Protein chains: 2
Amino acid sequence: MLSDVANKADFRFEILYQSKRSRARVGRIITPHGVIETPNFVAVGTNGSLKTLHNHDHEELDIQLMFCNTYHLMVQPGTQLIKESGGLHTFIQRQQPIITDSGGFQVFSLAYGNVAKELKGQGGKKHPPSKMKVTEEGVVFRSYRDGTKIFLSPETSVQAQKDLGADIIIPLDELLPFHVDEATLKASFARTHRWELRSLAEHLKARQNQAMFAVIHGGTDLALRQQSCQLLTKEAFDGFAIGGSLGRDHQELHDTVGGTTSHLPTEKPIHLLGIGDVTSINHCIPFGIDTFDSSYPSKVARHGMILTAKGPLKITRTEHARERIPLEHDCPCPTCKHYTRAYLHHLFKAKEPSAASLATWHNIRFMTRWMSKIRTEILCGLL
Amino acid sequence: MLSDVANKADFRFEILYQSKRSRARVGRIITPHGVIETPNFVAVGTNGSLKTLHNHDHEELDIQLMFCNTYHLMVQPGTQLIKESGGLHTFIQRQQPIITDSGGFQVFSLAYGNVAKELKGQGGKKHPPSKMKVTEEGVVFRSYRDGTKIFLSPETSVQAQKDLGADIIIPLDELLPFHVDEATLKASFARTHRWELRSLAEHLKARQNQAMFAVIHGGTDLALRQQSCQLLTKEAFDGFAIGGSLGRDHQELHDTVGGTTSHLPTEKPIHLLGIGDVTSINHCIPFGIDTFDSSYPSKVARHGMILTAKGPLKITRTEHARERIPLEHDCPCPTCKHYTRAYLHHLFKAKEPSAASLATWHNIRFMTRWMSKIRTEILCGLL
């Protein structure tokens, strides 16, 4: 049904309703692989698989946009192999829209040790955080799988993303460690924007029906954020993603996002990178954020943290051992349809792998339902 | 459809076709929770979950009988809790037939270190192989989860299985380590049979629509096997399970099974405990084995070993990295319907949890299809 609207069309963003109370809006992003109703949650399937779930269940989960990581796919199985298989949609058998990142975030955060812990569980042989070298040209790093040298530049990142063929792609940017001096920060900020423009130029050589979202930088410095917006909104980007450091707490996130979207045009979609907890989403909707990606709902699910409208629930706690009720009464997910809290508690206690998949299924479905509720609330004039 | 035939009836075994070439037969076991077409494969779901899969998918997987382990369910979540939840079928939400064992196999093999490795991954706190004490009354052992003492006797085992409410239950028996002297062996053999009769007596006090299968012992000693058959076939058991040591190779398995089923009545179903590889199944069908349980197909799946009609296939091998074909062309499972070998290879290489569940789904579906093929071959006079 949604794909009928798209009709294999190029990228388009339509605002169906603009709130009178805030910058919140209800819209839809139309891509060659279908429509994304906005605001929406973007599920993260790093390696082309949402952990513990199957891509053929995405329609039932209502995952309208999936986020895959170019860095991981470059390292395994390689973007060339995916291209030869007919692209990422075909390779992973997902018919609906996909967004890929540039690979930069993983390269830099792995080098700086940020997400190293997260990545540790995924590689084959373990390598220490990769040594890397950043020049104007790009960044050279070593694969966490086998230590081979990989060169990532704006041009190679875009080429990799062309091989993958996602509906939305992202230009290469630089991520800095937390504590750097002013001069390093300024130099990086300027280079990031040069890289983004080079990425856009490379992309526009052969658009291939893909859209490119610029990444707004500037950390929590609102003057820099404004400058980033001014630089990037002049260019032919199809949308914007808010990246870089978003602050340490809800207040800083609030200030940073609010101080950024006010400098962005209302007619293009705005994505918030790496944020996906309900509180932050609720805070950012009034600023006009259209999509949020995060592995948070699936990561906590694997540890028995169940998202519900009444707040999170730790299913491994003894109080749930005898509860013969579903995780959430009105949830249409298979976990809630078929099983009790007591059974899920038991599966976690018995360390059964099905515990993680049943919990993930619920949490992802919770997020897609939550976003649907938010869309309704905007339409009803509540947000 | 199958459940219509059962119509909540008590246990019944019907032979639909007796081979003229061998003792192989096609039949059906009718239980309160539905019909099991025989010969058939029995999937093992130790803790009430077939590893990586979901019970609501069992109908699509065609799992007509599921094997759950009383020992594990006693330790977590406890059979009393399951009874209060309405029994095992309700607790785990499986509508189709279930068989439980006595708990003896795990207690003894854990103590003797046999399946300790397999169990290691499952407990919470790790305990060394449990100290246990065997008397005429029963066996005392310590829970691998928290070290608490548990007493297992023929009566408590049957009571636990009554709490669970499986369609088919098994009397308590003793499993010996590989190297014991003749006197110990004889004493154990005699005690095992006394325990089985005590189990039967306890069971018959309140049948609760459950069937009980005796366990034939005697190891690879055909005279002892015959003696075991003579002792147990006189009693009111509903079927027989061939247990104990079955030998070290296919020839010994062949001799032991053949030398046992020839002493069993043809009108009752015969189960072969713990055997589920295709070669052994093919060998044992002509001896009149009706059901086989094994965790082998799901265990090897988690390591990337894919069962096919042309023999096993190691999906992690580089030769499959670019194969844009399903695991098996004519397989109706979701894995084969949706994904390529290349994608499954990638998921294993990337250590994605979905690799194990997609492979398990295929292997279990392969087994249930294989058994269906065997039934057809018997009906066609080929076996």
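Residues numbered from 1 in each chain as written. Chains lettered and ligands numbered in written order. Predicted model: local features only at pLDDT ≥ 70, side-chain atom pairs only at ≥ 80, totals over all residues. Heavy atoms only, no water.

- Going by what an unreviewed UniProt entry lists, chain A is known as Queuine tRNA-ribosyltransferase and is assigned to Candidatus Berkiella aquae.
- Under the Subunit (unreviewed entry) heading, UniProt states for chain A: "Homodimer. Within each dimer, one monomer is responsible for RNA recognition and catalysis, while the other monomer binds to the replacement base PreQ1."
- Regarding chain A, the relevant UniProt record gives this comment under Pathway (unreviewed entry): "tRNA modification; tRNA-queuosine biosynthesis." (UniProt positions renumbered as here; feature names shortened; annotations may be inferred.)

**A short note on the overall build of chain A**
- Helix and strand counts for chain A come out as 16 helices and 16 strands.
- Oriented by its inertia axes, the alpha-carbon framework of chain A measures out at about 60 × 55 × 45 Å.
- Per-residue burial over chain A gives 58% buried out of 383 residues.
- Considering only contacts within chain A whose residues lie at least 6 apart along the sequence, 64% involve residues at least 24 apart.
- Between the mean site of the 45 positive side-chain charges and the mean site of the 39 negative ones, chain A shows a separation of 5 Å. (Helix = DSSP H or I, 4+ residues; strand = E, 2+ residues; numbered from the N terminus. Buried < 20%, exposed > 50% of the residue type's maximum accessible area, 1.4 Å probe, protein only. Contact = heavy atoms within 4.5 Å. Lys, Arg positive; Asp, Glu negative; His and termini not counted. Charge placed at Lys NZ, Arg CZ, Asp CG, Glu CD.)

**Here's the deal with empty space enclosed by the protein**
- By the definition in use, this model includes one cavity of 30 Å³ or more.
- When the residues that make up the lining of the largest cavity are grouped by side-chain class, the tally is three nonpolar, three polar and two charged. (1 Å grid on protein atoms, 1.4 Å probe; cavity = no way out; pocket = protein on both sides within 12 Å on 5 of 7 lines; lining within 4 Å. Points joined across faces, edges and corners; volume = space filled by probe spheres on them. Nonpolar A, V, L, I, M, F, W, Y, C, P; charged D, E, K, R; others polar.)

**Side note on the relation of the copies chain A and chain B**
- Each copy of the sequence occupies a distinct position, and chain A is placed on chain B by a rotation of 180° and an axial shift of 0.0 Å, giving an RMSD of 0.0 Å. With respect to symmetry, the two chain copies, as superposed, fit the operation of a two-fold axis.
- Take the interface residues of chain A: 100% of them recur as interface residues in chain B, which is what a same-surface contact looks like. (Least-squares fit on C-alpha atoms with pLDDT ≥ 70 in both.)

**Side note on the interface of chain A and chain B**
- In this complex, chain A contributes 41 residues to the contact, which on the side of chain B involves 41 residues.
- Here chain A meets chain B over a buried area of about 3600 Å², counting both sides, of which 52% is carbon and sulfur.
- Three residues, His56, Tyr343 and His346 of chain A, lead the burial of chain A against chain B; their summed loss comes to 15% of the area buried on that side.
- Where chain A touches chain B, the interface holds four salt bridges. (Buried area = accessible area lost by both parts, 1.4 Å probe. Salt bridge = Lys/Arg side-chain N within 4 Å of Asp/Glu carboxyl O.)

**Looking at the pairing of strand β4 (residues 40-44) of chain B**
All names here are of chain B.
- Counting buried residues along β4, five of its five residues qualify, which places the element largely inside the surrounding structure.
- Of the two faces of β4, both are covered, the one formed by Asn40, Val42 and Val44 as well as the one formed by Phe41 and Ala43.
- Both β4 and strand β14 (residues 291-294) contribute to a ladder of four bridges, which runs parallel. Within the sheet, the bridge partner assigned to Val42 lies in β14 and is Asp293. (Pairing = 2+ DSSP bridges.)

**A look at the domain arrangement of chain A**
All names here are of chain A.
- Each assigned domain of chain A is listed here: domain 1 (2-294) and domain 2 (303-370).
- Just the C-alpha atoms count here: the centres of domain 1 and domain 2 sit 30 Å apart.
- Both sides of the domain 1 and domain 2 interface together cover about 1200 Å² of buried area, and 74% of this is carbon and sulfur.
- Summed over the shared surface of domain 1 and domain 2, the result is zero salt bridges.
- Here domain 1 and domain 2 share four residue pairs in polar contact (both at pLDDT 80 or more) between them.
- Here the side of domain 1 that touches domain 2 gets three residues from one element, more than from any other, and that element is helix α12 (residues 278-284). (Domains from an automatic or database assignment. Polar contact = N/O pair within 3.5 Å; in protein donor to acceptor, adjacent residues only side chain to side chain.)

**Focus on the sheet that holds strand β9 (residues 149-152) of chain A**
All names here are of chain A.
- The antiparallel open sheet is built from three strands, whose spatial order is β7-β8-β9. Bordering the open sheet on either side are β7 (132-134) and β9, each of which pairs with just one other strand. Along the sheet, successive strands turn relative to each other by an average axial angle of 15°, direction set aside.
- Sheet topology places strand β8 (residues 139-142) next to β9; four bridges connect them, and they run antiparallel. By the bridge assignment for β9, Phe141 is matched with Ile150. (Axes fitted to C-alpha atoms, helices over the stretch in contact; angles between N-to-C directions.)

**Some remarks on the packing of aromatic side chains**
- Counted according to the given criterion, the structure contains ten aromatic pairs over all chains.
- On the numbers, 5.9 Å between centres and 85° between planes, the contact of Phe11 of chain A with Phe213 of chain A is edge-to-face. With Phe11 of chain A in the loop between α1 (2-6) and β1 (12-18) and Phe213 of chain A in strand β11 (residues 211-216), this pair connects stretches of sequence that are 202 residues apart. Exposure class is identical for Phe11 of chain A and Phe213 of chain A. Each is buried.
- Here the aromatic residues Phe91 of chain A together with Tyr339 and Tyr343 of chain B are joined through ring pairs into a cluster of three or more.
- The side chain of Lys373 of chain A reaches across the aromatic face of Trp370 of chain A, ending 3.8 Å from its centre. (Phe/Tyr/Trp six-rings, centres within 6.5 Å; stacked < 30°, edge-to-face > 60°. Lys NZ or Arg CZ within 6 Å of the ring centre and 35° of its normal.)

**Notes on the sheet that holds strand β1 (residues 12-18) of chain B**
Residue and element names in this part refer to chain B.
- Ordered by their spatial adjacency, three strands build an open sheet running β1-β2-β3, and the pairing between neighbours is antiparallel. On the outer flanks of this sheet lie β1 and β3 (34-38), each paired with one strand and no other. With strand direction ignored, the average angle separating the axes of adjacent strands in the sheet is 15°.
- Contacts from helix α16 (residues 353-379) reach β1, β2 (25-31) and β3, with the element oriented near 125° to β2.

**Points about the packing of helix α9 (residues 182-205) of chain B against helix α10 (residues 222-233) of chain B**
Residues and elements named next belong to chain B.
- Closest axis-to-axis distance for the α9/α10 pair is 11 Å, and the angle between their directions is 20°. When the interaxial angle is binned, α9 and α10 end up roughly parallel. Between α9 and α10 the crossing geometry is right-handed. Here Leu185, Lys186, Phe189, His193, Glu196 and Leu197 of α9 come into contact with α10, specifically with Leu224, Gln227, Ser228, Leu231 and Leu232.
- Split by residue class, the contact of α9 with α10 holds six nonpolar, three polar and two charged. (Parallel < 35°, antiparallel > 145°, perpendicular 65-115°, else oblique. Left-handed = near helix turned anticlockwise from the far one by under 90°.)

**So, the pattern of salt bridges**
- Applying the stated criterion to the full structure yields 39 salt bridges over all chains.
- For the salt bridge of Glu319 of chain A with Arg317 of chain A, the shortest nitrogen-to-oxygen distance reads 2.8 Å.
- A salt bridge links Glu182 of chain B to Lys186 of chain B, with the nearest nitrogen and oxygen atoms 3.4 Å apart. In this pair, Glu182 of chain B and Lys186 of chain B are both assigned in helix α9, four residues apart and thus about one turn of the helix distant.
- On the accessibility criterion, Lys186 of chain B (44% relative accessible area) is partly exposed.
- It is possible to trace a salt-bridge network through shared partners that takes in Asp10, Arg207 and Asp238 of chain A.

**Concerning unusual backbone geometry**
All names here are of chain A.
- In the segment running from Thr38 into Pro39, the intervening peptide bond is cis, with an omega of -5°.
- One can find Pro39 in the loop between β3 (34-38) and β4 (40-44).
- Positive phi outside glycine occurs at Lys351, with the angle close to 55°.
- By the secondary structure assignment, Lys351 is in the loop between α15 (341-349) and α16 (353-379).

**Some remarks on the confidence of the model for chain A**
Residues and elements named next belong to chain A.
- Across chain A, the average pLDDT comes to 92, with 93% of residues at or above 70.
- Segment residues 1-8 is flagged for pLDDT under 50; beyond a separation of four residues in sequence, or across chains, it makes twelve contacts in the model.
- Low confidence marks residues 115-127, where pLDDT is under 50. Its contacts with residues over four positions away, or in another chain, come to 31 contacts.
- Scored by ipTM, the complex comes to 0.93, with pTM at 0.93. (pLDDT = per-residue confidence, 0-100.)

**Overview of the pairing of β1 of chain A**
Residue and element names in this part refer to chain A.
- Bridge count between β1 and strand β2 (residues 25-31): six bridges; the pairing is antiparallel. In the sheet register, Phe13 faces β2, and the bridge partner there is Ile29.
- In this antiparallel pair of consecutive strands, β1 and β2, the connection spans six residues.

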